[in-house]
Structures are given as C-alpha cells and as structure tokens.
Amino acid sequence: MRYDTVILNGRWFDGTGAPSALRNIGVRDGRVATVTAGPLEAAGADIVDATGQWVIPGIIDIHTHYDIETLCEPALSESLRHGVTTVLLGSCSLSTVYLNNVDAGDIFGRVEAIPRRYVIEWLDRARSWSDPGEYVAALERLNLGPNVAAFIGHSDMRAATMGLDRATRKDVRPSPAELARMESMLNDALDEGFVGMSSQQMLFDKLDGEVCRSRTLPSTYAGPRELRRLNAILRRRDKILQSGPDINNPLSVLSQLVTALGIGRPRLKTSLLSAADIKAIPPVIHVMDRLGRLVNALGGDFRWQHLPVPFEVYADGISLVIFEEFGSGAAALHLQDEVERNQLMRDEEYRRRFRSDYGQKFGPRVWHRDFFDAEIVACPDRSVVGRSFGQVGLDRGGLHPVDAFLDLVVEHGEKLRWRTTISNHRPELLRKLAQSPAVQMGFSDAGAHLRNMAFYNSGLRLLRHAYDADRRGTPFLSMERAVHRLTGELGLWYGIDAGTLREGDRADVVVLDPAKLDDSLDRYAEHPVQSYGGLSRMVNRNDDTVRAVLVSGQLAFGAGKASPALGNRKLGRFLRAGRPSRRLAAA
C-alpha cells in the first residue's frame, strides 16, 4: 500500500479513550490508512520519526472568535502551532453571516476587543455572501490552516432582521414576520451544517460604535417567546445551544438548566458558559458542577464550558472587560476620547462611585475587586513595576487602592500594564473539573481580547497537568482520557468529523514531546497581527513541545516552523455537523 506520510514509532492515542500503544501510522489522501504495530512500506512517503513522542488527534477548540481573522489570515497559525486542528466560529451570539459590516464592527469591537475599524475593513474586503450557503462557500475558498465549524449567532440574526437599533431596545419585540425570518435564518444555517446557535444573556458585554454604544448584545433583549421559538428548532433538529447566562440573575442560570431538560418535549443539547472556579465567589463552582450532573441524570445533555487553566488576564490601563460589570467601570469605557475619560477619572464624585462599586464584595460578579491582587508589569514609572495597586496606595501615604489605580491610569494611560487571575486558581478544583462529565474543555476565546490573554495552548496545559500528576503517582485522569477530553469527546458531541485517529479517520495529527510538557507552557510572548495594523497580540510559544502538526495529512507545522503550504494551500475544511467528510479512497 502506498502512503503519502508515514509516522513511525510513536505512542498512539486514538482519541476515544482506549489504551495507547506504540504504533506506526500510514496516511494517504488526507486519511489514516493504516495503524499497525508492524513495519510499514515508506518508499516515496514523507517520514515523521515519532520515537519517544506522543501521536494524538488534533485538538478541537470549541470556543473561538476567529470570525474576522479567518477572513484575513486564514492560516490561524497561533492555534495551529499548539496542536489545534479544528476551531469553532460564531461563539457568544456573534457571527458575520447575516448582519451588515458596520453593525458587525459595533458588535465585535468592544465585546471581543478586536479593533472595530479592522472588523469593518476586512468584512468590506471579504464579504461575498448574504446567506449561510454563500458564507460556507466563501470559507471553503480560503487557504484554511485548521478545519472550521460554526455556530450561527443569535445577535447576528436579530440585528440583521430588526436593525441594530431596534434589536437593542428593551421596549421593542420582533414582529411575527421578523420572528419568522429569524427562524428561517436558523434553519438555513443548520441546513448548511452549522453545529447550532450561540446566544448570550450576560449583561456586561457592551456594543462599540456611536449609535448603540454601551448597549448590551442584541440577544440579551430577546424575550421568552423568541427564545422558545428558536430553541424549538434546535430541539427538533438535535442541534446545540451555546449560551451564557446573566450571572447577575441566578434564575437565568436555573432557567437555562431546566430548558436543557426538555420536560415533555425533546431535550435541548446545551453548552453553557462557563464552569470556572471564580475567586470572587469560591463556593459557586461546587453548585455549578452538581447542577450540571443533576440535569444530565434527569435526562438532559448539558455541558459547562471550562477553561482548564488559570484565567489570568492582562490589561493596558482600564481597557479590560471586567470593568463592564459595574456602573462606574462601564461609564469610563463608554468614553472613547482619552481626554474625556481622564477628566471623568479625575472627578471626585466619580471616584466615590468607583470606590463604592469596588467595595461591593458580595453578589454575582466575575472580578474579585481586589487591587492588592493585581500586579503592575510595565509602566513608565519603574518604581511601581512588580507591585500591586494596593501596595502603591500604601506607599503613597495610604491612598485607597482605587485612587492609586485611577491616578496611574490618568498619568500613564495604556502604557500602564498589569495582570490578575480571575478564576481557576486552585489546582485541586481544576483536577475535579477535568474529571466531571458535566464539563467540557474549551473557552479559549482564541482570536479575541488580543492584549488581554493567551490561552492558545490550554489543551497542552491540561495534558501537562494530567501527566505531572501521573508521574507523581497521584493520577486524576489517565493520559488517554485527557486526550479524549480534548479531541474525540468534543468531535462526537458537536457532531463533526474530527477528534479521532483510527483507520479511515481524518489525518489531523499532532506529534508532541511529553518531556516538554513543562513550564515553557506558562510563558507569554507578543506577536503582531499584520492584518490588524501590526497590533501586538499576546501569544504562547512552546515550539519544543509540539514537534509536528498535520491537517488532512499535510504538514502545517514542524518544530515551531510553519510549512511552506501553510497559508498558501488549503489544508483545513469547513466541517458540517452530522455529515462525515469523504472516506478513505481505495488503495
């Protein structure tokens, strides 16, 4: 049998959770043709020597915001180089299938911290579609690096149907004709193989632009009738609802859990953001996990999305989404002009409001609101680097931490860079969540929050956590199960042709060095996004860990270096939910 590529002597994980074993793998026509313990005829094939390495299916990233970057830099190399070979677009109710380009800029710009003007610019250049079929065709014409699957965004459909202004008013409900149009839009997207619909009820995601600035996302204005009608389509067609509850309203969470059950109707396959061990409310993670397990025990098919690493965020000045969750923070971010914003932050009445918001330590929230737990990492005033804002306040005669923070922001603006960890800070809880059947691994937010965080290698970091525990003799997850959680489990649940590495499967392959699952995975670097005017983005760099990445049997990365094919040839495909792509051709 002829092969295009032969991978020799690696520890093979098939992605199903089955025992791993030393195997040789033959790839032909983009598929795994042979997996064997015996020798393979390698004449004329590209050889990948995997001796001492692990050979796993490509990782699936279920929560990204690559909707714009896919159009301008479709290689998506920052994910691909870390072993991610399939990404899902359209998260958090945001997609670019229906709504116009300016509205897309307003929706993506502030919520996902992707500069609004580049969202509009690239959609102006790239848009050739007006419906899901044309959108998929446009993606398939790109030189994709990884494979792509997609949600259709509820905010996308709502804004395109009602207009962004009407779609973001509390006193406006869609007319019967408008609701029927949204139903048609959703059905059309599912017909084209979208995995489901993403919605959002969280109220601290705010719009950019001028007309609707600081309103929340269109999907947050949807009433019960609209949600029921759209969810009914997902139930009937056994597709997925991805959503984020309003954390300020615990009833919103319970409502979504009950909705997932069905009760007298088909269950609603639901992925909810997010299972996180939040510093601000430590007990909540135990409640979330138990509720998820209960829903599934009663017949639901429910998953919390979980980032399996500490949720560490960076900020330049006050530019960070956590400030959107309370009034004084949102008031500052509402102002686009730096002079106006600084004038506001100097005002004593404003500072009193900020101190009051900061002091509210109880109730639903994301940020722990502790400026003693916030380290300054860069500032023109070198004397404050390495210190917390709380410490700076003490050094300056006992200033309130809020005043120390605002003083530094007013003085240095975005040249003041700082960091804090919001959640997932307790390793023992990360271990527990990694084992939970009510949790799925995801929520990297890849492609968004460019200056705030970098979780492109979060899958590798989960493997490290499991591997370290195994070597210490205190395993919490077998390596086969850990790989399965990042690959086959997700491919099966989302109904896409990805995540396993058996004979006949897609040859989306990662060869990694387990000896390099080490501290290098924690380090950040910065790299410019050329399509966004050279904006410096936080990234991960651990090129010694990932030795080779193949998509559809073609080399995309080798030892940290992109192959000549990446970006110049189509490697990935649009993966349609419920539709296996072509099978292995006869030899």
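Residues numbered from 1 in each chain as written. Predicted model: local features only at pLDDT ≥ 70, side-chain atom pairs only at ≥ 80, totals over all residues. Heavy atoms only, no water.

Details of the domain arrangement of the chain
Test applied: Throughout the structure description, domain borders are defined by an automatic or database domain assignment. By definition in these notes, contact holds between two residues if any of their heavy atoms fall within 4.5 Å. Accessible area that two parts lose when put together, with a 1.4 Å probe and added across both, is what the buried area reports. When a carboxyl oxygen of Asp or Glu is within 4 Å of a side-chain nitrogen of Lys or Arg, the pair counts as a salt bridge. Each polar contact in these results corresponds to two N or O atoms within 3.5 Å; when the atoms are within protein, one needs to be able to donate a hydrogen and the other to accept it, and residues that are neighboring in sequence are counted only if both atoms are side-chain atoms. We call Asp, Glu, Lys and Arg charged. Ala, Val, Leu, Ile, Met, Phe, Trp, Tyr, Cys and Pro are nonpolar, and the rest, Gly among them, are polar.
Looking at the assigned domains, one finds that the chain contains domain 1 (59-310 + 424-530) and domain 2 (313-422). Each side of the interface is counted separately: domain 1 has 24 residues, and domain 2 has 24 residues. Interface of domain 1 and domain 2: buried area, both sides summed, is about 2,000 Å²; carbon and sulfur atoms make up 49% of it. Of all residues in domain 1, Phe204, Lys279 and Asn452 bury the most surface against domain 2, accounting for 28% of the area lost on that side. The interface formed by domain 1 and domain 2 holds 4 salt bridges in total. Here domain 1 is connected to domain 2 by 14 residue pairs in polar contact (both at pLDDT 80 or more). Within the side of domain 1 that touches domain 2, the residues separate by chemical class into 8 nonpolar, 6 polar and 10 charged.

Looking at the side chain of Asp357
Stated precisely, the cut-off is as follows: Per the convention used, a helix needs a DSSP run of H or I reaching at least four residues, while a strand needs a run of E reaching at least two, with both numbered from the N terminus. Here the term buried applies to any residue with accessible area under 20% of the maximum for its type, exposed to any over 50%, and partly exposed to those in between, with areas from a 1.4 Å probe on protein chains only. As used throughout, the charge tally considers Lys and Arg to be positive and Asp and Glu to be negative, leaving His and the chain termini uncounted.
Tracing the chain through its elements places Asp357 in helix α14 (residues 348-359). For Asp357, which is buried and forms no salt bridge, the nearest opposite charge comes from Arg369, at a distance of 5.8 Å. Among all residues touching Asp357, those that are not within four sequence positions of it are Phe326, Gly327, Ser328 and Arg369.

Re the nonpolar core
Going by this rule: Definition used in this section: a nonpolar core is a set of buried Ala, Val, Leu, Ile, Met, Phe, Trp, Tyr and Cys residues joined via side-chain atoms within 4.5 Å.
Counting residues in hydrophobic clusters, the biggest one holds 146 residues, and the most contacted among them are Phe323, Phe354, Phe371, Phe405 and Trp418. The element contributing the most residues to this core is helix α16 (residues 401-412), with 7 residues. Residue contributions to this core reach at least three from each of two domains, namely domain 1 (59-310 + 424-530) and domain 2 (313-422). In contact with Phe405, not counting residues within four places along its chain, are Gly317, Ile318, Phe323, Phe354, Phe371, Phe389 and Trp418.

Focus: the UniProt feature "domain: Amidohydrolase" (unreviewed entry) in the chain
Going by this rule: UniProt positions are given in the numbering used here, feature names are shortened, and annotations may be inferred rather than shown by experiment.
Here the UniProt-annotated "domain: Amidohydrolase" (unreviewed entry) positions come out as residues 47-207. The distance separating the terminal C-alpha atoms of residues 47-207 is 50 Å; by composition the span is 42% helix and 16% strand.

Here's the deal with the side chain of Arg215
When you line up the elements, Arg215 lands in the loop between β9 (196-198) and α9 (224-237). In this structure the side chain of Arg215 is engaged in a polar contact, spanning 2.8 Å, whose partner is the side chain of Asp165. Those residues in contact with Arg215 that lie beyond four places of it in its chain are Asp165, Thr168, Arg169, Asp205, Lys206, Leu207 and Tyr221.

A short note on the sheet that holds strand β8 (residues 147-153)
Working definition: the strands of a sheet are paired by backbone hydrogen bonds and lie parallel or antiparallel to each other. Test applied: Whether two strands pair depends on DSSP finding at least two bridges between them. Working convention: axes come from line fits to C-alpha atoms, limited for helices to the stretch in contact. Angles between N-to-C directions cover 0 to 180 degrees.
Spatially, 8 strands are ordered β6-β7-β8-β9-β10-β11-β12-β16 in an open sheet, and the strand pairing comes out parallel. Each having just a single partner strand, β6 (59-61) and β16 (439-441) make up the two edges of the open sheet. Taking the axes of each pair of neighbouring strands and ignoring which way they run, one obtains an average angle of 30 degrees across the sheet. Note: strand β10 (residues 240-243) against strand β11 (residues 269-273), 4 bridges, orientation parallel. Residue Gln242 lies in a different strand from β11, and its bridge partner there is Ser271. Running at roughly 145 degrees to β9, α9 makes contact with β9 and β10 of the sheet.

Some thoughts on unusual backbone geometry
Of note in this structure, Asn9 is not a glycine but carries a positive phi near 65 degrees. With respect to the helices and strands, the residue Asn9 is situated in strand β1 (residues 5-12).

Some points on the environment of Asp370
Looking at the element boundaries, Asp370 is found in the loop between α14 and β14 (375-378). It is 8.9 Å that separates the C-alpha atoms of Asp370 and Gly359, two residues lying 11 residues apart in sequence. Among residues more than four places away in sequence, those in contact with Asp370 are Tyr358 and Lys361. Reaching out from Asp370, the side chain makes a polar contact with the backbone nitrogen of Phe372 at a distance of 2.9 Å.

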